[in-house]
4 protein chains.
Amino acid sequence: MEKETVRMEGFSDAIFAIAITLLVLDLHVPDKETLSSSAAIIGYLTSQWPAYVAFCISFFSIFIMWVNHHKLFKQIYSRNTAITFANGLILFFASIVSYPTALLSRFFNTPSANVVVAIYTGMFILINLSYILLWDIASKDKSLLRPDITDRAIKKIKLNYLYGLPVYMVAFGLSFYSPSAALVLCTMLWIYWAMSSGKLEMAN
Amino acid sequence: MEKETVRMEGFSDAIFAIAITLLVLDLHVPDKETLSSSAAIIGYLTSQWPAYVAFCISFFSIFIMWVNHHKLFKQIYSRNTAITFANGLILFFASIVSYPTALLSRFFNTPSANVVVAIYTGMFILINLSYILLWDIASKDKSLLRPDITDRAIKKIKLNYLYGLPVYMVAFGLSFYSPSAALVLCTMLWIYWAMSSGKLEMAN
Amino acid sequence: MEKETVRMEGFSDAIFAIAITLLVLDLHVPDKETLSSSAAIIGYLTSQWPAYVAFCISFFSIFIMWVNHHKLFKQIYSRNTAITFANGLILFFASIVSYPTALLSRFFNTPSANVVVAIYTGMFILINLSYILLWDIASKDKSLLRPDITDRAIKKIKLNYLYGLPVYMVAFGLSFYSPSAALVLCTMLWIYWAMSSGKLEMAN
Amino acid sequence: MEKETVRMEGFSDAIFAIAITLLVLDLHVPDKETLSSSAAIIGYLTSQWPAYVAFCISFFSIFIMWVNHHKLFKQIYSRNTAITFANGLILFFASIVSYPTALLSRFFNTPSANVVVAIYTGMFILINLSYILLWDIASKDKSLLRPDITDRAIKKIKLNYLYGLPVYMVAFGLSFYSPSAALVLCTMLWIYWAMSSGKLEMAN
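Residues numbered from 1 in each chain as written. Chains lettered and ligands numbered in written order. Predicted model: local features only at pLDDT ≥ 70, side-chain atom pairs only at ≥ 80, totals over all residues. Heavy atoms only, no water.

## A few points about the overall build of chain A
Broken down by element type, chain A carries nine helices and zero strands. In sequence order, chain A lays out its α and β elements as α-α-α-α-α-α-α-α-α. Over its C-alpha atoms, taken along the principal directions, chain A stretches across nearly 65 × 35 × 30 Å. Burial statistics for chain A: of 204 residues in total, 61% are counted as buried. Within chain A, contacts between residues separated by at least 24 positions form 79% of all contacts whose residues are at least 6 apart in sequence. Element-wise, carbon and sulfur atoms account for 68% of the exposed surface of chain A, whose accessible area totals about 7800 Å². Mean positive and mean negative side-chain charge positions of chain A (15 and 12 charges, respectively) differ by 7 Å. (Helix = DSSP H or I, 4+ residues; strand = E, 2+ residues; numbered from the N terminus. Buried < 20%, exposed > 50% of the residue type's maximum accessible area, 1.4 Å probe, protein only. Contact = heavy atoms within 4.5 Å. Areas by Shrake-Rupley, 256 points an atom, 1.4 Å probe, with all protein chains shown as cover. Lys, Arg positive; Asp, Glu negative; His and termini not counted. Charge placed at Lys NZ, Arg CZ, Asp CG, Glu CD.)

## Considering the relation of the copies chain A and chain D
Expressed as a screw transformation, the operator carrying chain A onto chain D has a rotation angle of 90° and an axial translation of 0.0 Å, and the superposed copies differ by an RMSD of 0.0 Å. Given the turn and translation reported, the copies of this chain are related as if by a four-fold rotation axis. A distinct binding surface is used by each copy, with only 8% of the interface residues of chain A retained as interface residues in chain D. (Least-squares fit on C-alpha atoms with pLDDT ≥ 70 in both.)

## A look at the packing of aromatic side chains
Within this structure, the stated rule accounts for 76 aromatic pairs over all chains. Relative to Phe124(A), the ring of Tyr120(A) has its centre 5.2 Å away and its plane inclined at 75°; by these criteria the two rings are edge-to-face. One end of the pair, Tyr120(A), and the other, Phe124(A), are both in helix H6 (residues 113-140), four residues apart, so they sit about a helical turn from each other. Each residue in the set Phe11(A), Phe85(A), Phe92(A), Phe93(A), Phe55(B), Phe59(B), Phe60(B), Phe63(B) and Trp66(B) is aromatic and connected to the rest through ring pairs, giving one cluster. (Phe/Tyr/Trp six-rings, centres within 6.5 Å; stacked < 30°, edge-to-face > 60°.)

## Notes on the pattern of salt bridges
Applying the stated rule across the entire model yields 24 salt bridges over all chains. Between Arg7(C) and Glu9(D) there is a salt bridge, with the nearest N and O atoms lying 3.6 Å from each other. Highlighted residues: Arg7(C) in helix H1 (residues 6-22) and Glu9(D) in helix H1 (residues 6-22), drawn from two different chains. Here Arg7(C) falls in the buried class, since its relative accessible area comes to 10%. Looking at Glu9(D), the relative accessible area reads 11%, which means it is buried. The partner of Lys158(C) in a salt bridge is Asp136(C), with the nearest N and O atoms 3.0 Å apart. Here Lys158(C), found in helix H7 (residues 151-162), pairs with Asp136(C), found in helix H6 (residues 113-140); they are 22 residues apart in sequence, far enough to count as distant. Classification of Lys158(C) as partly exposed rests on a relative accessible area of 34%. (Salt bridge = Lys/Arg side-chain N within 4 Å of Asp/Glu carboxyl O.)

## Brief notes about a nonpolar patch on the surface
A cluster of nonpolar residues, Leu25(A), Leu25(B), Leu25(C) and Leu25(D), forms a patch on the protein surface that exposes about 250 Å² of accessible area. Structurally, Leu25(C) is set in the loop between H1 and helix H2 (38-47). Judged by its relative accessible area of 31%, Leu25(C) is partly exposed. (Patch = residues over 30% accessible without salt bridge, like charges linked within 9 Å, V, L, I, M, F, W, Y side chains within 5 Å.)

## Quick word on the interface of chain A and chain D
Facing the 40 residues of chain A at the interface are 31 residues of chain D. Around 3200 Å² of area is buried between chain A and chain D when both sides are counted, 73% of it from carbon and sulfur atoms. Applying the counting rule to chain A against chain D returns two salt bridges. Here chain A and chain D share seven residue pairs in polar contact (both at pLDDT 80 or more) between them. Elements supplying a minimum of two residues to the side of chain A that touches chain D: helix H1 (6-22), helix H2 (38-47), helix H3 (49-75) and helix H9 (179-203) of chain A. The biggest single contributor to the side of chain A that touches chain D is H3(A), with 13 residues. Classifying every residue of the side of chain A that touches chain D by side-chain character gives 25 nonpolar, nine polar and six charged. (Buried area = accessible area lost by both parts, 1.4 Å probe. Polar contact = N/O pair within 3.5 Å; in protein donor to acceptor, adjacent residues only side chain to side chain. Nonpolar A, V, L, I, M, F, W, Y, C, P; charged D, E, K, R; others polar.)

## Comments concerning the interface of chain A and chain B
Chain A puts 31 residues into the contact, and the matching count from chain B is 41 residues. Counting each side, the surface lost to burial between chain A and chain B is near 3200 Å², with a carbon and sulfur contribution of 73%. Taking the shortest distance from any N to any O, the salt bridge between Arg7(A) and Asp13(B) comes out at 2.5 Å. The interface formed by chain A and chain B holds seven residue pairs in polar contact (both at pLDDT 80 or more) in total. At nine residues, the largest contribution of residues to the side of chain A that touches chain B is made by helix H4 (residues 81-96) of chain A.

## Topic: H1(A)
Helical periodicity: at 3.6 residues per turn, an α-helix aligns residues three or four positions apart in one direction. With 17 residues, H1(A) extends 24 Å between its outermost C-alpha atoms, agreeing within 8% with the 24 Å of an ideal straight helix rising 1.5 Å per residue. Summarising burial for H1(A): 15 of the 17 residues are buried, a large majority. (Expected span 1.5 Å × (residues − 1).)

## So, the arrangement of the chains
Across the gap from chain A to chain C, with no contact made, the nearest C-alpha atoms are 9 Å apart. Here chain B and chain D are not in contact; the least distance found between their C-alpha atoms is 9 Å.

## Points about the confidence of the model for chain A
The predicted coordinates should not be examined in detail at positions where pLDDT is low. With 95% of its residues at a pLDDT of 70 or more, chain A has an overall mean of 88. This complex was scored by the predictor with a pTM of 0.93 and an ipTM of 0.89. (pLDDT = per-residue confidence, 0-100.)

## Notes on the relation of the copies chain A and chain B
Placing chain A over chain B gives an RMSD of 0.0 Å and needs a rotation angle of 90°, together with 0.0 Å of translation along the axis. Here only 10% of the contact residues of chain A are again contact residues in chain B; the copies associate through non-equivalent surfaces.

Set out below in structure tokens:
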């Protein structure tokens, strides 16, 4: 059975690649005029630490989105309209990650940190839901999947996304009390996903 | 018969992917200095709703352009100079979608909404015409197409693009009286296309 | 014989695609504050005509660069270090086209039109030379080429690039006397290349 | 044995291609208002020479990163989680090259040249380490590599990256005394790599 989703994967990869590379555009270079000494430049650059933190976590969150996308589409062999548009929804969110990231980097060390972290974690709830939706659509019709996939593997993938949901929701709630803790929680989930991604693959 | 259009499709996919991802650059992040409270940020962000609406409809319109491009090139196996440049015209319009989108997002809730919606819907008339042109060129010479394509399928694809034309023209005319209605009409056409795209594929 | 240049072509295609799509970033959207009426927007947009002209000719010149790149690499099956870096030079120029384009669009209807058109046409001399260099390197060692290529085809491709050189040089010289005429000359060359590209392919 | 890393290479190529093309966004076009004569434009453009130098060396350093990536992945046939994330680290650095480049281009001819050249060369130490890490992970488990690779080739590749490290460290140290010399040293290393890359390939 031929894999029908090659061009869809290529298109998705391109969007993930562009979204991840555009993040750098929010690292601002200071003006020549305002900074006239080495100390001033170093001071400016260190004051930008929220932008660097935001860049790092957004870079690796899109990277993990890509890794997950890759793993899902290793199991999906055919496509229908529903899969095409559920995938479009994932790409929609991938392409806007840079916007909440820019908000986060600019307002994290201000009194408005709560708002921007809530938007940031809220976005990941939506991203998580879009992956659950894609896999739900794909796994409902086994003729779309890799012919030799087991029911156990299908369920394992489903659970892998499902347990992300409560974590993101806790992070979202937490962002109103402790924005830093909310970001740490998200980062821990990604590290867990990165480290467990090998095991998931073996299960399929 | 080998498919000759692989590199052309890869190049087109890359342009669609970049065009769709660059749309996010028109979502502006407010300055730290001007917004000093959570309420001010929320106020700023909600005032940006035309930008979000414009982003969404442009994202999905480029996405549907890509889906359609994908479907057409599943039928086109060879290429000639005319197909190369008709495809170039489609890519030309895909790459400029962000410009009318930026105009739309910035001027939709001003007295100039008519002008920017007319430009926006006018662009879709041109996009529609460029797809009609590509398919016209391709279907005139059956040696360029998938060997087992039926005349019925060729005609069905042609009709699918042709009935978009009057809808876009009505939307263009409508934009001078009710810009919102014009945008709703375009959106409805895209939802119809998205939902009918499965049927179209079956017909081929 | 397996084609070894697939990844190099994919990388080149991506750079051409990004370079061609980034051109739109130089089409500026007016500020909401400065333009308060429909007439003011229409006035602003029409005053931007040099930007639209520059966008169009740069878009199609990169597109023709891609078409030519595609044709050359249909003949090149292996690669060595020299080909890799001659190709890198072509990609270098492809990625900077947007800069002279931006200069052109901003200064074409000023007294400095001469300078910016000279830079613009000068860049195409360099682009032309980089294509000549690539083909020179490739055709010096026939083991790098498609096994069944004829000497006549090799020469025909070489001539195709060589006659571009004097045209661009005339355009460069002309830019100091009549910038518009220099641009028209470049555009005519591209139209000729586009129309003759079919014939070239047949000859191979 | 089938190569498993195709989609990872495609994704990496896209990121390299975007990172290399975004560099042009830091070449600034002067405002129409501030420059009213041809002489003023030429004066502005020539004053921008550090930006052009920075653009050139960053362009070719990313290009050489891509060439090296290409060579490594010709030897890597399978992937595991560690390779995926070591590759992610390389892509992380590839995507941020434009930021130190922008700092370099803006502050090279100021008294702060030391700081920005130290950041720039420091980044290449990190990039070098990430390549060493990737190859270390890959070569620890020969089942991940091209089946017929020799131990001599594995070691040769390792050495090729290892001797870059002291050069970059000297360049980093040098940047505090003579920023220009530090940049010249980096450039010389890249020219050496470019010229020796053919030999490396033959050894595999």
